[in-house]
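Architecture and fold: a report
Each chain, letter by letter, is given below.
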Amino acid sequence: MSIQTDLQNCIEDMIDDSRGILAADESSPTIAKRFASIGAESTEEMRRQYRSLLLSTDGLGEYICGVILFEETLAQSTNNGQSLPQLAWSNRIVPGIKVDKGLGDLPGAPGDKITFGLDGLAERLVGYKEQGARFAKWRELYPITSHNPTPLGLSANAEMLARYAAQCQALGVVPIVEPEVLMDGEHDINRCHVVTEKVLRSVFEALARHRVQLELMILKPNMVLSGKSCPQQAGTDEVAERTLQVLKRTVPAAVPSINFLSGGMTPEQATENLNSLNQGQAPWQLSTSYGRALQEPALKAWGGSSNNGAACQAALLKRARLNSLARQGKYDSSME
Ligand code: 13P
C-alpha cells in the first residue's frame, strides 16, 4: 500500500460521528503516579494487566475508534498471547503510539517547556508501524504565567509539532498534533482564551510551513477553561462558546477532527463540556482523546486487583458511552 493510502485509510477508520479516542499512553513516571493513587505498584506486569483489561472491554469499539499506547504496550500481549495492538484492532479500535520523549525547560525562555524526541524519530516510526501502530501522538506543553508562553516558546514548540507531523506523514503514520495549554494556575478564562488562540495560530502557521497535509492529521487541543485555582470558574456554556470561537479563528476546516484532551477536568466536566461543544455548528468533528477523564473511574474500580476486572471494564464502558453521547450532543447529566 502507498503511504498516502495508509494515511487515508487510517483517517477513515478513526473518524466517525459517534466515537472518540482513548489515551492510554501514560509514560512510566506518569502511570506510576496513577497507580500510586490506588495503592498499586507500577511493574511491567501490572501495567500489562491493566491495559489488557481496558482493551478487552466488551463493546468498547462501539464508542472508541482509536487508542494511544505507550511504547512498552505495543510489544505486550494478553494472557492468551494476542498482542495488545491486535486486540485493539479486533474491536475496530485503531492502535496508535505516543512518540515524544517527554519534556524539559526551553533554554532562553524561562518558564516555557520543550518536548524531546525528534532525533531518531523516523527509525522509531518505522519500527512502531511494523508493530501495528497506524497513528502517532506528540505533545507540546504550554504553562500559563503572567509572561508565559513567550514568543520564543510559541515558535519553538510549534516548530517541533510541525516537524514531527511532517515526519509522520512522510512515513504513512497519521499525526495527532497536541499543543496543550495547561489548566494549572490562577489565570481567568480570558487569559486561557488569548493564550490558546496564540498557540493554535503559531501551530497552524508552522504546519503550513512544513507542508503538513491538514486533511490527514488530527488536532488534540485543550478546551478554553478558567485556571484550576481561579476563584471565578466559567460554566460549560462559556467554555464551549470560547473554545469554538478560538478554534474557528485558528483551525482550518480541512482538519477532519478535533479530539480534546481532558487535562485535569473531572470525568463529568469533560463529558458535559464536550456535549456543549457539540450543540453548535462546527466544520470539524469534535470528539475526545481523553486519558484521565476516561480512565479515572476505571482505575479506581480496578484498584490493582484482578478480582475487580469486571467493575473496571464497566466503569470504562460507562464513560466511553457517555462521551459518545456527548460527542453527538445527546448527553444529559441525569444519565450519570
Ligand atoms: P488527559 O486527557 O488526561 O489530559 O490525557 C490526554 C493525553 O494524552 C495527554 O497527553
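First, a word on scope: everything that follows refers to the structure included in this document.

What counts and how
- Residues numbered from 1 in each chain as written.
- Predicted model: local features only at pLDDT ≥ 70, side-chain atom pairs only at ≥ 80, totals over all residues.
- Heavy atoms only, no water.
- 1 Å grid on protein atoms, 1.4 Å probe; cavity = no way out; pocket = protein on both sides within 12 Å on 5 of 7 lines; lining within 4 Å.
- Points joined across faces, edges and corners; volume = space filled by probe spheres on them.
- Nonpolar A, V, L, I, M, F, W, Y, C, P; charged D, E, K, R; others polar.
- Helix = DSSP H or I, 4+ residues; strand = E, 2+ residues; numbered from the N terminus.
- Buried < 20%, exposed > 50% of the residue type's maximum accessible area, 1.4 Å probe, protein only.
- Contact = heavy atoms within 4.5 Å.
- Core = buried A, V, L, I, M, F, W, Y, C linked by side-chain atoms within 4.5 Å.
- Pairing = 2+ DSSP bridges.
- Axes fitted to C-alpha atoms, helices over the stretch in contact; angles between N-to-C directions.
- Right-handed = clockwise from strand over helix to strand, strands pointing away.
- Near = heavy atom within 4 Å.
- Polar contact = N/O pair within 3.5 Å; in protein donor to acceptor, adjacent residues only side chain to side chain.
- Areas by Shrake-Rupley, 256 points an atom, 1.4 Å probe, with all protein chains shown as cover.
- Sits in = over half its atoms within 2 Å of the grid points.
- Phe/Tyr/Trp six-rings, centres within 6.5 Å; stacked < 30°, edge-to-face > 60°.

What the rule picks out here adds up to three cavities of 30 Å³ or more. In this structure, the largest cavity occupies an estimated 70 Å³ of space. Together, 15 residues line the largest cavity, and Val181, Met183, Asn222, Met223 and Leu225 are the ones closest to its centre. Tallied by class, the residues present in the lining of the largest cavity amount to eight nonpolar, six polar and one charged. Of the volumes computed, that of the second largest cavity is approximately 50 Å³. Mapped onto the lining of the second largest cavity, the elements with two or more residues apiece are β10 (285-290) and α12 (309-327). For the lining of the second largest cavity, the element with the most residues is α12, which contributes four residues. Within the lining of the second largest cavity, the residues separate by chemical class into four nonpolar, six polar and two charged.

With eight of eleven residues buried, helix α10 (residues 267-277) lies mostly within the body of the structure. Taken together, the buried residues of α10 touch α9 (236-250), β9 (257-260), β10, α11 (292-302) and α12.

With 92 residues, the main nonpolar core has Tyr164, Leu207 and Leu219 as its most contacted residues. In contact with Tyr164, not counting residues within four places along its chain, are Val99, Leu118, Leu121, Ala136, Lys137, Trp138, Pro175, Ile176 and Val177. Counting residues in hydrophobic clusters, the runner-up holds 15 residues, among them Met14, Ile68, Phe135 and Val174.

Okay, the sheet that holds β9 next. Here we have eight strands rolled up into a closed barrel, ordered β1-β2-β3-β6-β7-β8-β9-β10, and parallel in their pairing. Of the strand pairs in this sheet, strand β1 (residues 20-24) and β10 are connected by two bridges, and their pairing is parallel. Looking across to β10, one finds that Ile21 is bridged to Ser289. Sitting on the sheet, α10 is in contact with β9 and β10, with an inclination near 165° to β10.

Looking along a regular strand, one sees the side chains alternate between the two faces of the sheet. The element strand β7 (residues 174-181) is largely enclosed, with a buried count of eight among its eight residues. On β7, burial covers both faces: Val174, Ile176, Glu178 and Glu180 on one face and Pro175, Val177, Pro179 and Val181 on the other are all buried. Where strand β6 (residues 135-142) lies against β7, eight bridges are found, and the strand directions are parallel. Note that in β7 the partner of Lys137 across the bridge is Ile176. Crossover handedness for the path β6 to helix α7 (residues 151-170) to β7: right-handed. Strand direction decides the pairing type here: β7 and strand β8 (residues 218-219), joined by two bridges, are parallel. In the sheet register, Val177 faces β8, and the bridge partner there is Leu219.

This next bit is on the site of the ligand. Of all residues adjacent to the ligand, which total 13 residues, the nearest are Lys137, Lys220, Ser262, Gly263 and Arg292. Within the side chain of Lys137, one N or O atom sits 2.5 Å away from an oxygen atom of the ligand. Between the ligand and Ser262, the relevant distance is 2.5 Å, taken from an oxygen atom to a side-chain nitrogen or oxygen of the residue. Expressed as a share of its isolated accessible area of 300 Å², the protein-covered part of the ligand is 92%. With respect to the pocket detection grid, the ligand is positioned in the largest pocket. Of all the elements in the fold, those that place two or more residues in the shell around the ligand are β6 and β10. Across the shell around the ligand, the residue classes tally to three nonpolar, four polar and six charged.

Under the criterion given, the structure shown has four aromatic pairs. Judged by centre distance (5.6 Å) and plane angle (85°), the ring pair of Phe35 and Tyr50 falls under edge-to-face. Taken together, the positions of Phe35 in helix α2 (residues 28-37) and Tyr50 in helix α3 (residues 44-55) put the pair 15 residues apart, joining distant regions of the chain. Side by side, Phe35 and Tyr50 carry an identical accessibility label, which is buried. Judged by centre distance (5.4 Å) and plane angle (55°), the rings of Phe35 and Trp302 are tilted. Here Phe35, found in helix α2, pairs with Trp302, found in helix α11; they are 267 residues apart in sequence, far enough to count as distant. Judged by its relative accessible area of 2%, Trp302 is buried. Through a chain of ring-to-ring contacts, the aromatic side chains of Phe35, Tyr50 and Trp302 assemble into a single cluster.

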